[in-house]
There are 2 protein chains.
Amino acid sequence: MDTQQFREFGKAAVDYIADYFETIRDRNVLPSVEPGYLKNEIPEIAPVSGEPWQKILPDVDRVVLPGLTHWHSPHFHAYFPTANSFPGVVGELFLSGLGSVSTDWQSNPACVELEVRMMDWLAKMLGLPEHFLNESEGPGGGVIQNAASESTLVGLLSGKQRTVRNVLEMNQNLTSEEVKEKLVAYTSKESNSSVEKASLLASVPMRLLPTDSDCRLRGDVLQEAIKKDKAEGLIPCCVVASLGTTGTCAFDDLEEIGRICRKEKMWLHVDAAYAGAALVCPEYRYLLNGIEYVDSFNFNPHKWFLTNSDCSAMWFKNTKDAEAAFKLKATIPSQPLFEPEIQHWQIPTTRRFRALKLWFVMRIYGVEGIQKHIRHQVSLAKYLEKLVRKDDRFELLISSLGVVGFRLEGDDTLTQKLLDKIAERKNLFIMPYYYQNKLMVRFVVCSRLTEVIDIDYAWNEIKSIVDDLEKNSKQEDEKTAIDSSILSRGALNSLTPDLNDKLNLGLFL
Amino acid sequence: MDTQQFREFGKAAVDYIADYFETIRDRNVLPSVEPGYLKNEIPEIAPVSGEPWQKILPDVDRVVLPGLTHWHSPHFHAYFPTANSFPGVVGELFLSGLGSVSTDWQSNPACVELEVRMMDWLAKMLGLPEHFLNESEGPGGGVIQNAASESTLVGLLSGKQRTVRNVLEMNQNLTSEEVKEKLVAYTSKESNSSVEKASLLASVPMRLLPTDSDCRLRGDVLQEAIKKDKAEGLIPCCVVASLGTTGTCAFDDLEEIGRICRKEKMWLHVDAAYAGAALVCPEYRYLLNGIEYVDSFNFNPHKWFLTNSDCSAMWFKNTKDAEAAFKLKATIPSQPLFEPEIQHWQIPTTRRFRALKLWFVMRIYGVEGIQKHIRHQVSLAKYLEKLVRKDDRFELLISSLGVVGFRLEGDDTLTQKLLDKIAERKNLFIMPYYYQNKLMVRFVVCSRLTEVIDIDYAWNEIKSIVDDLEKNSKQEDEKTAIDSSILSRGALNSLTPDLNDKLNLGLFL
């Protein structure tokens with residue numbers, strides 16, 4: 001493919017994407033294909049001879065679109081927002097077009113220096129403390145990771161390494177293996193399942209602690225767990241706190257937890273994957289109370305901050321702790337040409353030029369544009385909250401930022417039927433969640449295209465299903481039985497509270 | 001930004017990228033900026049109000065381009081190829097434009113099913129054994145990871161988990177903690193530094209074994225190391241073998257190593273990050289001798305296979321081993337709607353729709369197109385090899401696929417001066433390497449734009465530097481002293497053999 005063909009193919013792709021967004025509201029958010037549908041749509045082997053690009057776009061229409069879940073449909077209310085914006089898309093096009101990656105500064109000065117600067121722009125926009133900035137005097141700094149899962153793992157490994165070092169300093173007759181096998185970490189049972197996965201990968205057992213009635217991890221529960229573990233000779237090393245839990249967007253008590261972490265010399269990692277973006281609005285900064293205790297902080301611009309995947313932002317109070325865990329001894333040069341050396345704070349060795357898309361997004365939206373986006377989405381959630389409150393068949397359980405949880409009064413049966421029917425009709429994509437042992441409809445304002453008319457559409461869809469259910473339930477109960485094989489396709493098959501963990505998995509981007 | 005503005009901005013970006021590639025040969029491959037150059041080029045904070053997109057492209061020119069290393073310049077001969085092709089760029093544009101990600105099948109059928117099929121296309125193109133295919137009857141399968149570093153970590157954790165399970169089955173009075181602390185893994189000292197990093201993250205000590213004179217890990221050395229460790233009560237669990245080492249593109253003896261792994265019940269992971277792409281040509285399939293012993297195999301389409309970052313392909317002989325290490329118990333549903341469940345073979349929870357770009361690349365190039373690319377790049381390396389051989393001032397050390405290593409006769413002084421001068425002039429980007437304790441020029445054919453004229457250009461540059469060095473050395477030795485602060489910028493400052501590890505870091509994408 002020569003540059004002329006690239007110009008044609010690239011521009012046709014831009015138009016395809018623009019057309020897709022102009023018509024996305026008309027599509028069912030969920031596809032109707034059967035499992036294995038794609039097998040018969042494309043050959044079993046790659047073509048021997050190359051094909052013209054003109055054959056590709058019709059095949060995207062024929063093969064991909066029918067099986068695609070429209071994550072940016074205004075009727076997508078599952079999981080969390082997955083950022084997509086036009087400046088973000090062009091940023092991604094640009095960075096892959098230049099195709100310029102980096103390891104250390106020498107390998108690509110622009111790539112490293114723009115990331116260092118963009119992470120500072122971002123920290124300042126969120127009101128994070130000065131000590132997290134790359135430009136600060138101290139050892140703090142920020143870097144772009146692939147995913148929150150990876151950030152949690154990096155935080156946990158840094159905390160593990162720091163604790164081992166601290167304990168060995170105090171007890172010179174222990175070996176590092178002896179310390180490692182005694183380590184234990186803590187999180188709440190409401191934290192994302194990727195936290196548990198990180199503990200599996202890092203070989204540090206993770207206690208899933210109970211929360212208060214608002215799904216928040218509190219200091220007394222944590223202190224009790226630590227006390228019990230220490231009595232058994234274990235060594236607490238890390239807490240992963242959530243600002244905005246996956247299920248109900250609850251906020252762990254950072255001040256209570258932080259004070260304990262400081263006292264016990266434990267690493268405190270904060271997972272604010274979704275809710276962190278709200279900090280761009282000063283009215284949400286109170287959520288940062290206790291931030292002074294935090295060792296590492298993560299939020300995903302690729303969730304609610306309009307920056308296409310992948311882009312997960314992570315800051316450290318002391319990057320030397322990460323370097324101690326990740327930097328191989330042989331790699332220590334006498335005097336680096338440029339600091340910070342962000343390549344030592346991550347798992348992969350190289351990095352794509354992701355800072356470019358952050359730069360595009362922050363400039364084209366501006367601080368005000370992103371604030372407007374957040375406030376608009378919260379206002380849509382509040383609008384839905386009002387609709388729920390006005391209908392006394394429904395019980396409102398939670399409303400936090402863009403997440404609204406509600407259910408039908410009574411036991412879970414009716415709410416389960418509502419969820420099943422929503423999944424069957426495929427006009428909305430909504431996930432269930434268990435809150436205080438009650439099944440609820442977990443509704444999230446996700447797409448940046450969602451407007452008041454879409455909330456009305458969703459609410460009308462929900463109400464009309466409930467109307468039908470009530471009518472049918474009065475007339476002939478047996479006819480409402482629904483083919484469970486169809487229902488399960490929406491991942492809404494009968495759930496028990498224990499299965500929230502499974503749902504969590506899907507809720508983490 | 002509305003869709004109309006996106007059409008304009010997107011198409012302007014396509015033209016920018018096309019123009020960039022049309023003029024890339026005219027630019028110095030290495031930038032000339034000072035460390036910290038970007039600080040004064042852009043503000044310290046994000047703009048409050050949004051800016052028009054028209055302001056962005058001139059700033060890419062003004063701020064980014066001067067500090068950019070041109071990784072796709074035909075004069076870039078450092079590290080390894082970093083894939084960039086027009087079908088790959090449009091694929092990346094498309095997948096970020098649709099912005100559709102996936103967790104399990106329910107979340108996005110097209111995204112999951114296309115990846116499953118593309119990994120089979122790829123395995124068949126490379127001539128990998130049937131048992132790695134997703135479509136095979138058995139438990140084998142393939143998935144796209146972010147990076148080879150991540151694939152190595154996933155392989156190592158899978159092997160760790162399998163060994164713990166095996167040992168516990170045989171010794172029911174041991175605890176899993178007792179087994180874990182006895183585990184040990186092996187690789188060669190020529191393997192990429194990310195292998196050592198993976199061992200750090202997975203908490204499994206990694207022995208860096210010596211190689212034979214061709215930089216290959218051999219069975220006798222491995223067997224000896226295992227014997228010694230077992231005598232000390234340790235439990236060997238994993239070998240990471242390289243097909244195409246980072247420094248000299250050497251191939252570990254897979255048959256010898258594989259037989260030992262089978263006998264000792266150890267996991268065998270193969271890192272073929274760069275060289276794996278050559279398997280698309282049948283004449284290189286002999287490199288797979290011993291593949292029947294391999295548990296996990298990784299190569300990076302984002303290196304030599306024309307698919308833009310990130311795209312690292314990984315296959316398992318038995319995916320249940322990976323699931324045992326990565327799948328949380330709570331996430332096991334009674335009966336999945338679609339298999340394989342590739343989301344359980346990776347660290348992050350969600351995946352971008354990277355299969356789209358693989359589909360675009362394999363269709364637009366076709367098998368023949370990719371074969372032609374590989375053969376052409378190897379032929380250019382052979383062409384350089386001939387030029388080196390013809391000039392008796394030079395000693396050819398290695399020539400393997402697209403990697404050529406040579407030096408000036410005599411001690412390292414002259415070769416060091418040559419490397420320093422290359423870095424100072426910035427017309428070529430080449431890395432040094434130590435081979436059998438001799439400093440060499442490690443020259444790699446990287447860019448898909450490199451042609452015979454560029455090899456001639458490089459060779460003339462090298463020869464003219466050597467001519468100057470010889471002339472100067474005869475006339476006045478002291479004048480050849482070069483400001484070391486300039487030289488170090490090319491990462492070519494005085495090296496010792498031990499520092500190959502540091503170089504390795506940068507050589508892994």
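Residues numbered from 1 in each chain as written. Chains lettered and ligands numbered in written order. Predicted model: local features only at pLDDT ≥ 70, side-chain atom pairs only at ≥ 80, totals over all residues.

Caption draft 1: The relation of the copies chain A and chain B, seen in detail. Superposing chain A onto chain B requires a rotation of 180° together with a translation of 0.0 Å along the rotation axis, leaving an RMSD of 0.0 Å. One copy is carried onto the other by what is essentially a two-fold rotation axis. Mapped onto chain B, 100% of the interface residues of chain A are again interface residues, and the two copies thus contact each other with one and the same surface. (Least-squares fit on C-alpha atoms with pLDDT ≥ 70 in both. Contact = placed C-beta atoms within 7 Å.)

Caption draft 2: Main features of the packing of helix α5 (residues 148-170) of chain A against helix α11 (residues 319-326) of chain A. Residue and element names in this part refer to chain A. Running from N to C, α5 and α11 point in directions that differ by 90°, and their axes come no closer than 8 Å. In terms of orientation, α5 and α11 fall into the roughly perpendicular class. For the pair α5 and α11, the contacting residues are V154, L157, S158, Q161, R162 and R165 in the first and D321, A322, A324 and A325 in the second. Residues that form the contact of α5 with α11 fall into these classes: 5 nonpolar, 2 polar and 3 charged. (Axes fitted to C-alpha atoms, helices over the stretch in contact; angles between N-to-C directions. Helix = DSSP H or I, 4+ residues; strand = E, 2+ residues; numbered from the N terminus. Parallel < 35°, antiparallel > 145°, perpendicular 65-115°, else oblique. Nonpolar A, V, L, I, M, F, W, Y, C, P; charged D, E, K, R; others polar.)

Caption draft 3: Structural context of helix α7 (residues 193-202) of chain B. All names here are of chain B. In terms of burial, α7 is a largely internal element, 9 of the 10 residues being buried. Among all positions in α7, only S193, S194, V195, E196, K197, A198, S199, L201 and A202 are buried. Directly after α7, the chain includes S203, whose backbone phi takes a positive value near 55°. (Buried ≥ 20, exposed ≤ 12 C-beta atoms within 10 Å, placed from the backbone.)

Caption draft 4: Up close: the interface of chain A and chain B. Each side of the interface is counted separately: chain A has 116 residues, and chain B has 116 residues. Of the residues forming the side of chain A that touches chain B, the biggest block, 14 residues, is contributed by helix α1 (residues 3-23) of chain A. Broken down by class, the residue content of the side of chain A that touches chain B amounts to 59 nonpolar, 33 polar and 24 charged.

Caption draft 5: Looking closely at the environment of B:V466. All names here are of chain B. The residue V466 is located in helix α14 (residues 452-475) in this model. Residue classification places V466 among the partly exposed residues on the basis of 19 C-beta atoms within 10 Å. Distance from V466 to A423, taken between C-alpha atoms, is 14 Å for residues 43 residues apart in sequence. Contacts of V466, omitting those with residues within four sequence positions, involve R393, L408 and L418.

Caption draft 6: Region of the structure containing the sheet that holds strand β12 (residues 438-444) of chain A. All names here are of chain A. Spatially, β1-β11-β12-β10-β9 is the arrangement adopted by the 5 strands of the open sheet, whose pairing is mixed. The sheet is open, and its two edges are formed by β1 (76-77) and β9 (394-400), each paired on a single side. Both β9 and strand β10 (residues 403-408) contribute to a ladder of 6 bridges, which runs antiparallel. From the neighbouring strand, E395 faces β10, where its bridge partner is R407. Sitting on the sheet, helix α13 (residues 412-425) is in contact with β10, β11 (429-435) and β12, with an inclination near 35° to β12. (Pairing = 2+ DSSP bridges.)

Any functional reading would require information that these geometric values do not contain.
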